[in-house]
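Residue-level structural notes
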Amino acid sequence: MTQTTDTPPHTRSSRTAAIAFVVVALIVAAGVWAATYRYFTAQELQRAEARMSLYHSTVLSELERFEHLTHVLAVDPYVIAALEDGTTGALNPRLASFSDAAGLDAIFLMDTAGLTIAASNANQDRSFVGQSYAFRPYFQDALGGATGAFYGIGATTGLPGYFIADPVRDAAGRVIGVVALKLDLAPFEQAWRDAGEQVFLTDRQTVVLLSSNPAWRYGTLDPLPPEARTRITETRQFPGQPLDSLDWIANADGGRARIDGVRRLHVASADLPHAWRLHYLGRNDTAILRAWLATGGFFVVSALGLLFAQYQRGRRLGHALRRSEEEEAQLRRANTALAREIEERRRTEQRLDEARGELERTSRLAALGQLSASVTHELGQPIAAMRNRLTAHEIKHAESPLTQTIGGLVDRMEGITRQLKFFARSGDEPFENVDLRDCIDAVLELMVPSLDALDLVPDYTRPEHPLCVRGSRLRLEQVLTNLLRNAVDAMEDVEHPALSLRTGMTQGVVWIEVADTGHGLGSATLSDLREPFVTTRASGQGMGLGLAISSGILEDHGGQLEGRNRADGTGAVFRMTLPERTALLHPEVAAQ
C-alpha cells in the first residue's frame, strides 16, 4: 500500500508567492532595461547629432569659403587680358600666388572652347595648361553665364576635388572665358579618422564622395539608375570606379542603420549645397552596457530599499502615533523658517546681481575710457600731420576741389577722434542750431560707397519743413552714420536688401527712424546693445561701441535711442528722438 503525503497549504502558498515574485521581478527588469536602453540610446543619438552638426558646419564653411573667389578673379584685369590678347606670362605666377595664399589645389583659366590657357600649376608636371575641360558640368554652367560647382576626380591629376567656376566677361558683357578653382576636401577624411569617427558624405545620387573608411569611398547607398551612370560617364566624374552598392540598410524613421552587417546609430544632415548629405554613424555599445548597469543597480537598490523598509516599518509602527503631533509642529516650524530663509536668500541674490551688474558696467566704461584716450592720442599726430601737409600744399598751390574734399575728411576725422573722448571725459562742446535734414544729407553722401557696394538706394524723402534741434551737428551726424552703417552691415548677406529713412515731429519731439531688412536684433534687447563691447555681429566684425556712444550722445542732447525688431521679422528699426526747438522753426514766435 503506497502512502501519499500531501503538501501543506502554507508551503504551497509560499511557493506560489515566490514564483509570482520571480515573474514580477523579471517583468520589472525587462521594463527597466527597455526604458533605460531607450533613454541612453536617445542620449547617444543626441551626442551623435552634436558631432554631426560640428562636422556639417566645417564642411559647409569650407564649401562657402571660396564661393566668391571666382567672382573676384573673373573681373581681374590680368585674367581678362589673357583671354583677349593671350598674354599669360604674368598671369600664371599671379594665379599661383593666389592659390598658395588660399590653400587651393589649383586656379585655372579656360577659353570658350574649354581649353586651359593659364593655371597656377603651369610649371608643374601635371599642369592644366593645354588641357580641355569642356566636358565638365562646371565649365558648361559657367559658359552659360551661371556659377558652376562640381565634385569629381581630376581628369589630369587623378585626384578628387571640388570645382567652382564663373564666367569671365568683356567690357560688352559677353562671356569670353571661364575661371575655375579646385579645392581639396580630402583633409576632412583624415580629420574624421583621427577623431575615431565613422563619417561619410554623399551626393544627390547617394555616391559616397568622402569617407573616414576608405573602403566606402565611391560606393553607393542605393543602386544607380542607368541615366545617372551615363551622366557620370559623360562628365568623367569618377573614372575607373565601379560605383558598386554598399551593404547598407537605413531605418525609414531614422536613428539606425546597418553597414557591412554591423548595426549603428545613424544621423544625417540634408541641408548641404548640391543636395549633398553628411552621415554620422555612432556605436550603441555604451547604451547597452549602461542599460544593464542601470537594471542591476535598480535591483540592488530595490532590494536594499525593501529590506530597509521592512526594518523601519517595525520601528515606525510603535512610535507613529506618539510622534505625529510633534512632527507636525516641527514641520510647521521648519516650513516657516525655510520660507524666511528662502526670502532672505532671494533678496541677497537680487542685491548681489545688482552689485555685479553695476561692477561689470563700471569696468566696461572704465576700459572704454582708456581705449578712447589711447585711440585719440595715437591718431592725433597722424591727423595733425595730414592737416599740415594740406596747408603746405594749399600755400604752394591754389586750392582745388580735391584739397577741399580731403580737408573735409580730415575735419571729420578730427571730429570723430574728439567724439571718442566722450567715454574718456564729459564733453563741453557748445551747442548750435541744427537742421537734421542737413545732417541726413551729409551722412547719405558719406555712405555712398557702402550703399553702392550693395547696389542699395535708400527709401528717403527729404522733408519740406526744417527738423530743427539744438546740439552738436557733428555728434548728431555720428549717431546717424552709426545707425546707417549698422543697417548696411546687417544686410551684407541678404538677398534683397532694403533701407528706409523716415522723419517726423510728434508732440514736441523730432524723430528719425532707420529700418533695414537684415538679421535683426535676435534675442538681444536695446539695453544689452547699449552696453560697451556688446554686439550682434560675428567675432571680429565690430567692437560693440557704436550704439553705446550713440546712446550717450543722444542723452547729452536730451534725447534717446530706441530699437526693436521689425514686426515681420525681416530686420530691425532704430529710432532717435530729440526735443524740438519751436523757436527755430518759427522765428516770428521767438521775436514775440
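Below, the structure is looked at part by part. On a predicted model such as this, the values are computed, not experimentally measured, just so you know. Sequence order as written defines the numbering, with residues in each chain counted from 1. The model is predicted, so local features are restricted to residues of pLDDT at least 70 and side-chain atom pairs to those at 80 or more, both for listing and for counting; the totals for chains, interfaces and linings are taken over all residues. Excluded from the side-chain calculations are hydrogens and water; all other atoms, namely the structure's heavy atoms, are used.

Side note on the sheet that holds strand β1 (residues 106-110)
Counted only if it meets this: Pairing between two strands is assigned when DSSP locates at least 2 bridges connecting them. Under the scheme used here, helices are H or I runs from DSSP no shorter than 4 residues and strands are E runs no shorter than 2 residues, and both carry numbers assigned from the N terminus. The axes are straight lines fitted to the C-alpha atoms, using for helices just the contacting stretch, and the angles between their N-to-C directions are given from 0 to 180°.
Reading across the sheet, the five strands line up as β2-β1-β5-β4-β3 and stay open at both edges, with antiparallel pairing between neighbours. Of all the strands in the sheet, the pair left with one neighbour each is β2 (116-119) and β3 (148-153). Looking at each pair of strands side by side, their axes are set apart by 25° on average, direction ignored. Inspection of the sheet shows β3 paired to strand β4 (residues 160-169) by six bridges, in the antiparallel sense. What sits directly across from Ile153, in β4, is Pro160.

Overview of the packing of aromatic side chains
The geometry of an aromatic ring pair is captured by the separation of the ring centres together with the interplanar angle, meaning the angle of the planes. Note the threshold: Planes of paired rings set the category: under 30 degrees apart is stacked, over 60 is edge-to-face and the rest tilted, where pairs are Phe, Tyr or Trp rings (Trp by its six-membered ring) whose centres lie within 6.5 Å. A 1.4 Å probe rolled over the protein chains alone gives each residue an accessible area, and that area as a share of the maximum for its type sets the label: buried under 20%, exposed over 50%, partly exposed in between. Consider the ring centre and the ring normal. A charge sits over the ring if Lys NZ or Arg CZ is within 6 Å of that centre and within 35 degrees of that normal.
Applying the stated rule across the entire model yields 15 aromatic pairs. Centre to centre, the rings of Tyr138 and Phe163 are 5.0 Å apart; their planes meet at 5°, and the pair counts as stacked. Here Tyr138 is found in helix α5 (residues 137-143), whereas its partner Phe163 is found in strand β4, with 25 residues between them in sequence. There is no split in this pair, since Tyr138 and Phe163 are both buried. Summarising the aromatic geometry, the rings of Tyr162 and Trp276 are spaced 5.6 Å apart at their centres and angled 70° between planes, so their arrangement reads as edge-to-face. One end of the pair, Tyr162, is in strand β4; the other, Trp276, is in the loop between β10 (262-269) and β11 (277-282), with 114 residues separating them in the sequence. Here the aromatic residues Phe108, Phe128, Tyr133, Phe135, Tyr138, Phe150 and Phe163 are joined through ring pairs into a cluster of three or more. Residue placement shows Arg136 over the ring face of Phe163; its charged tip is 5.8 Å from the ring centre. Note that Arg575 overlies the ring of Trp511, its terminal NZ or CZ placed 4.2 Å from the centroid.

A few points about helix α6 (residues 186-194)
What counts is decided by this rule: To obtain the arc, one takes the directions from the helix axis to the C-beta atoms.
The set of residues buried in α6 consists of Phe188, Glu189 and Trp192. Buried residues along α6 cover an arc of 100° about the axis, so they all sit on one side. Exposed residues pointing more than 90 degrees away from the buried face of α6 are listed as Pro187 and Asp194. Looking one or two residues beyond α6, the residue adopting positive phi is Gly196, at roughly 70°.

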